[in-house]
Amino acid sequence: MTQTGPSIMTPSQEILIVAGEASGDLHGGALVRALLERRPGLRFFGIGGDRMSESGVQLIRHVREMSFLGFFEVARHLPFIRRVFGEIVEAMESRRPALAVFIDYPGLNLKLALQAKKRNIPVVYYVSPQVWAWGRGRVPKIARRVDKMLVLFDFEEPIYREAGLDVVFTGHPLKDTVRPSQSRAEFFRSLELDPDKPLLGLLPGSRKQEVQRLLPAMIGAVRLLKRDIPGLQSVMAAAPTLSDPIYLPFTDGDNSIRTVRGRTYEVMSHSDAALVASGTATLETALCGTPMVILYRMSPLSYWIGRGLVRVPYIGLANIVAGKKVAPELLQNDAEPGKIREAVLPYFTDKALAESVRAEWAEVGRKLGPAGASGRAADEILRTLDERGKK
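Residues numbered from 1 in each chain as written. Predicted model: local features only at pLDDT ≥ 70, side-chain atom pairs only at ≥ 80, totals over all residues. Heavy atoms only, no water.

(A) Representation of the packing of helix 11 (residues 208-228) against helix 12 (residues 244-251). At a minimum axis distance of 10 Å, the contact between helix 11 and helix 12 shows a crossing angle of 25°. The orientation of helix 11 relative to helix 12 falls into the category roughly parallel. As for the relative orientation of helix 11 and helix 12, their crossing is right-handed in sense. In contact with Lys-208, Val-211, Gln-212, Leu-215, Pro-216 and Ile-219 of helix 11, helix 12 contributes Ile-246, Tyr-247, Phe-250 and Thr-251. Looking at the contact of helix 11 with helix 12 residue by residue, the class counts come to seven nonpolar, two polar and one charged. (Axes fitted to C-alpha atoms, helices over the stretch in contact; angles between N-to-C directions. Helix = DSSP H or I, 4+ residues; strand = E, 2+ residues; numbered from the N terminus. Parallel < 35°, antiparallel > 145°, perpendicular 65-115°, else oblique. Left-handed = near helix turned anticlockwise from the far one by under 90°. Contact = heavy atoms within 4.5 Å. Nonpolar A, V, L, I, M, F, W, Y, C, P; charged D, E, K, R; others polar.)

(B) Structural view of the sheet that holds strand 8 (residues 199-203). Taken together, six strands build an open sheet; the order of strands is 10-9-8-11-12-13 and the sheet is parallel. Every other strand in the sheet has two partners, leaving strand 10 (257-261) and strand 13 (329-331) as the edge strands with one partner each. Strand-to-strand twist in this sheet, taken as the mean axis angle between neighbours without regard to direction, amounts to 20°. Sheet topology places strand 8 next to strand 11 (residues 273-277); four bridges connect them, and they run parallel. When the bridges of strand 11 are listed, Leu-202 appears paired with Leu-275. Here helix 14 (residues 280-287) sits on the sheet in contact with strand 8, strand 11 and strand 12 (292-296), set at roughly 160° to strand 11. (Pairing = 2+ DSSP bridges.)

(C) Region of interest: the packing of aromatic side chains. One pass over the full model with this rule turns up two aromatic pairs. Considering the side-chain rings of Phe-187 and Phe-188, the 6.3 Å spacing of their centres and the 80° angle between planes classify their relative orientation as edge-to-face. When sorted by exposure, Phe-187 lands in the same class as Phe-188, which is buried. (Phe/Tyr/Trp six-rings, centres within 6.5 Å; stacked < 30°, edge-to-face > 60°. Buried < 20%, exposed > 50% of the residue type's maximum accessible area, 1.4 Å probe, protein only.)

(D) Here's a closer look at the pattern of salt bridges. Inspection of every chain in the model, using the stated rule, returns 22 salt bridges. Across the salt bridge formed by Asp-379 and Arg-38, the nearest N and O atoms sit 2.7 Å from each other. Linking Asp-379 in helix 19 (residues 373-390) with Arg-38 in helix 1 (residues 22-38), this pair joins segments that are 341 residues apart in sequence. Exposure class is identical for Asp-379 and Arg-38. Each is buried. Of the charged contacts, one joins Arg-207 and Glu-210 as a salt bridge, the two residues approaching to 3.4 Å between their closest N and O atoms. The exposure class of Arg-207 is buried, given its relative accessible area of 16%. You can call Glu-210 buried: its relative accessible area is 5%. (Salt bridge = Lys/Arg side-chain N within 4 Å of Asp/Glu carboxyl O.)

(E) Structural context of the environment of Ile-381. In this structure, Ile-381 sits in helix 19. Owing to a relative accessible area of 0%, Ile-381 belongs among the buried residues under this scheme. Along the sequence, Ile-381 and Tyr-125 sit 256 residues apart, while their C-alpha atoms lie 9.5 Å from each other. In contact with Ile-381, not counting residues within four places along its chain, are Leu-31, Leu-35, Leu-99, Val-101, Val-124 and Leu-150.

(F) The environment of Val-131, seen in detail. Of note, Val-131 is situated in helix 6 (residues 131-134). Taking the relative accessible area as the measure of exposure, Val-131 reaches 0% and is therefore buried. When the C-alpha atoms of Val-131 and Tyr-160 are compared, they prove to be 9.7 Å apart, with 29 residues separating the residues in sequence.

(G) Region of the structure containing the environment of Ala-378. Position of Ala-378 relative to the elements: it lies in helix 19. Taking the relative accessible area as the measure of exposure, Ala-378 reaches 0% and is therefore buried. Between the alpha carbons of Ala-378 and Arg-33 there is a distance of 9.0 Å; along the sequence they are 345 residues apart. Once residues lying within four places of it in the same chain are set aside, the contact partners of Ala-378 are Leu-31, Ala-34, Leu-35 and Arg-38.

(H) Focus on the nonpolar core. Ranked by internal contacts, the top residues of the largest apolar core, which has 92 residues, are Val-101 and Leu-275. Looking at this core, the element that brings in the most residues is helix 11, giving nine residues. Those residues in contact with Leu-275, other than ones at most four positions away along the chain, are Leu-200, Gly-201, Leu-202, Leu-203, Met-218, Ala-221, Val-293, Leu-295, Ile-340 and Val-344. Counting residues in each nonpolar core, the second largest holds 34 residues, with Ala-91, Tyr-105, Ile-121 and Val-146 among its members. (Core = buried A, V, L, I, M, F, W, Y, C linked by side-chain atoms within 4.5 Å.)

(I) Region of interest: helix 12. Among all positions in helix 12, only Ile-246, Tyr-247 and Thr-251 are buried. For helix 12, the arc enclosing every buried residue in end-on projection is 110°, short of the 170-degree limit, so these residues lie on one face. Among the exposed residues of helix 12, those oriented more than 90 degrees off its buried face are Pro-245 and Pro-249. If you follow the buried residues of helix 12, they end up packed against helix 11, strand 9 (233-238) and strand 10. (Arc of directions from axis to C-beta.)

(J) Structural detail: the sheet that holds strand 7 (residues 166-169). In spatial order, the strands read 3-2-1-4-5-6-7; together these seven strands make up an open sheet with parallel pairing. The sheet is open, and its two edges are formed by strand 3 (57-62) and strand 7, each paired on a single side. On average, each strand axis in the sheet is tilted by 20° relative to the strand beside it, whichever way the strands run. As paired strands, strand 1 (residues 14-19) and strand 2 (residues 43-48) are joined by five bridges and run parallel to one another. What sits directly across from Ile-17, in strand 2, is Gly-46.

Shown next, in the form of structure tokens:
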């Protein structure tokens, strides 16, 4: 374990940490654990989910309250977002944290970063806003509001360095966390599945809107695929941030699809192929080496606006890191049962194709850097904290 020496901190030993969605909660939980290993006296408060809470963060709001998808979904919730913003700013004023750590979620976090800077609170941003996708015009603004940027992808580093921002490539923390806790045999046995028959994994996302828009099409594709693939089995990974009632309208009465919680990496690792909502889950599935089809649906107007702003040729993070379309992407109206069936069926019928995809995903894993990213990020945060303490 890396040691950072004795603490040279401001009188406050509190750190404000804000993540706005499930992936940020995952990274935030690992980061807080790494920080406490190095400096046990630290205290944390802010916005996060179950993983951050379990790691010791006092939650002002839970990420399940923040899961909005699309421009107009966000607009409808603006009064609530403003209220949350005010609560965090008030906490900055009253608790005067020694440091603020913001994880992704730029719509809220960049505004909070400005408020932290106004109060002379050092700002570390962990998991860069996707400026490479949405245009680089925001980089100068980010550089004014952030003291240190910790990026997960090596291609992000020069973008911020050119703007004069202190930036460090830490590698991706998923390299440490993406691993199943059950073997394939154990997983199949626990669900009373047949290990000799093929398995399709369903990962419909961590936001309510994603599930509502994607899960019906996924289930429809499963029904079609059962005609093509004898004995096909399917398992859906429910998100930890969503409750059972969100899934029940689509799964109630359908005993052919098993639903699991807390075993997402088992679903990703032990499936022969997967249907995955665009987002961090595509990168996790790639690290598991599983062939996938990437799906994405949002409101038509939000999608139209987004496509006008996006500057990358792919929407799936796994494909973006690969630099090519390894996994098929079905967007909007194309994310329907018939086309999903056509896209995923070859993974079950063409072994050479499936093996070539697994080799591509292994290369993606190498691009994400070595293990230990959360520890490297924690070291950088403590370095910033100690530098502040010397002033």
